Amino acid sequence: MRQFLRLPFTTGPYRGAVHAFLGVVLAASVALVAAGLLILWPTRIHALVLGAAALVLTGAIGLLRPTRRASVRLVNGLLSTGLPAPRRPRRAATAAWLVAWTIAGGTLAVAVSLALFTLGLPAVWLDEGGTVMFGSEVAIAPGADGAWTLAAAAGAALAAVYLCAGYEALMRRIAALLLGPGLAERLAAAEADADEAAARNRLARDLHDSIGHTLTASTIQAAVAKQAMESDPESARRAIEAIEGTSRAALDDLDRALGVLRGEPATARPEPTLADLDLLRDRVAQTGTGIGVHLDGDPGSVPAAISQEAYRIVQEGVTNALRHAPDAEIRVHLDITEDHLHVRVTNRSTGATRPSARGRGLTGIAERVRLLGGEASAGTEGGTDWTLQATLPLRAPARP
């Protein structure tokens, strides 16, 4: 009961009343225009004809492109609907909204006017009673017999508040139906959200692979430089130069990712592809870990998008090997056929704990391969070698 009594004061009925009043103003204005258009009617203008003409003109206003945007702003401000800015006109729905608004606003105006009239009955009672016109004559007796006017006035005031609250609740539902996004807009918004999520996931995978590779390689190279600082200064210098090179590459990747997040134009430095495997091999070799890269086929025949993803897969596989078995030789083999690209990264397991299939790096590889319609696997092979394999299709599957 307490919650019921508090409802009108928590839903903003007064703003709903303002919205209804604006609807009445719109209806009255359109009615005047309709009357002006029908002024030359050969016979007396019937009220139904005038009302129908006013509704037709009201609906016609909804066909104008700016009407829906203005209506959305108004209901968001006065009814707190929180509707998004419209992307498409939806003219028929907007026309229906204006008609519903003017009808509901006019109905509320009549009801509130009757309630306000009722508020004046106690004044007549206090003035020794009398007779008032309330559809028909209503006699108000003086003294105790006319005290009912106090209860009538209180009930009318409460009813007016609840009517305004009910108007707001009703119009919020109608606004969501007629002014809210349509099916096409919802689908477009869902596609935009999906594209944005996919782009963010891609950036997260790229940053994980790039920064993870850089930190792993730099850590190993820093250890090499520390050990060789006194005994072999030239090796230490090369290790430090390698750290500088890998760090610059990571900074380029980070700058490119931040540019995408900020909506800036693409940087001049393109995404690395299979053509950059030699640079990856050289950076790994500078850590002191043996690495061999063997290609069967022409990397230039691989589409750019697949080549970029394949490079990241190899990079993560190599980083995984460096992190968990830094002393074991890494073997990278790529087999490029007419229809598929097969990637295989292998190194000998030294007894160190290898990542599970739930690791971020392997999860990122699985996502990349799944989006391209391929297959991937990782695990111990033959009890000694850790192997990462991925197969990527180079052509879209033929339609039946």
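The sections below set out a description of the structure shown in this document.

Conventions used here
- Residues numbered from 1 in each chain as written.
- Predicted model: local features only at pLDDT ≥ 70, side-chain atom pairs only at ≥ 80, totals over all residues.
- Heavy atoms only, no water.
- Helix = DSSP H or I, 4+ residues; strand = E, 2+ residues; numbered from the N terminus.
- Axes fitted to C-alpha atoms, helices over the stretch in contact; angles between N-to-C directions.
- Parallel < 35°, antiparallel > 145°, perpendicular 65-115°, else oblique.
- Contact = heavy atoms within 4.5 Å.
- Nonpolar A, V, L, I, M, F, W, Y, C, P; charged D, E, K, R; others polar.
- Buried < 20%, exposed > 50% of the residue type's maximum accessible area, 1.4 Å probe, protein only.
- Pairing = 2+ DSSP bridges.

**Observations concerning unusual backbone geometry**
The phi torsion of most residues other than glycine is negative, and most of the peptide bonds are trans.
Link 1 in the chain: Look at Ser80: it is not a glycine, yet its phi comes out positive at around 55°.
Link 2 in the chain: For Ser80, the position within the fold is in the loop between helix 4 (65-78) and helix 5 (91-119).

**Observations regarding the packing of helix 10 (residues 277-285) against helix 11 (residues 304-324)**
Link 1 in the chain: Relative orientation of the contacting elements helix 10 and helix 11 amounts to 10°, with a least axis distance of 11 Å. On the basis of their axis angle, the class for helix 10 and helix 11 is roughly parallel. Counting all contacts with helix 10, which are made through Leu277, Leu280, Arg283 and Val284, the residues of helix 11 involved are Tyr311, Val314, Gln315, Val318 and Leu322.
Link 2 in the chain: Residue composition of the contact of helix 10 with helix 11, grouped by class: 7 nonpolar, 1 polar and 1 charged.

**Remarks on the environment of Trp125**
Link 1 in the chain: Residue position: Trp125 is located in helix 6 (residues 121-126).
Link 2 in the chain: Classification of Trp125 by relative accessible area gives buried; the value is 16%.
Link 3 in the chain: Distance in space between the C-alpha atoms of Trp125 and Thr149 is 7.2 Å, their sequence separation being 24 residues.

**Some details on the pairing of strand 7 (residues 385-393)**
Link 1 in the chain: Counting buried positions along strand 7 gives 7 out of 9 residues, so the element sits mostly inside the fold.
Link 2 in the chain: In this structure, strand 5 (residues 340-348) lies alongside strand 7, joined through 9 bridges in antiparallel fashion. Across the sheet, the residue bridging to Thr346 is Thr387, located in strand 7.

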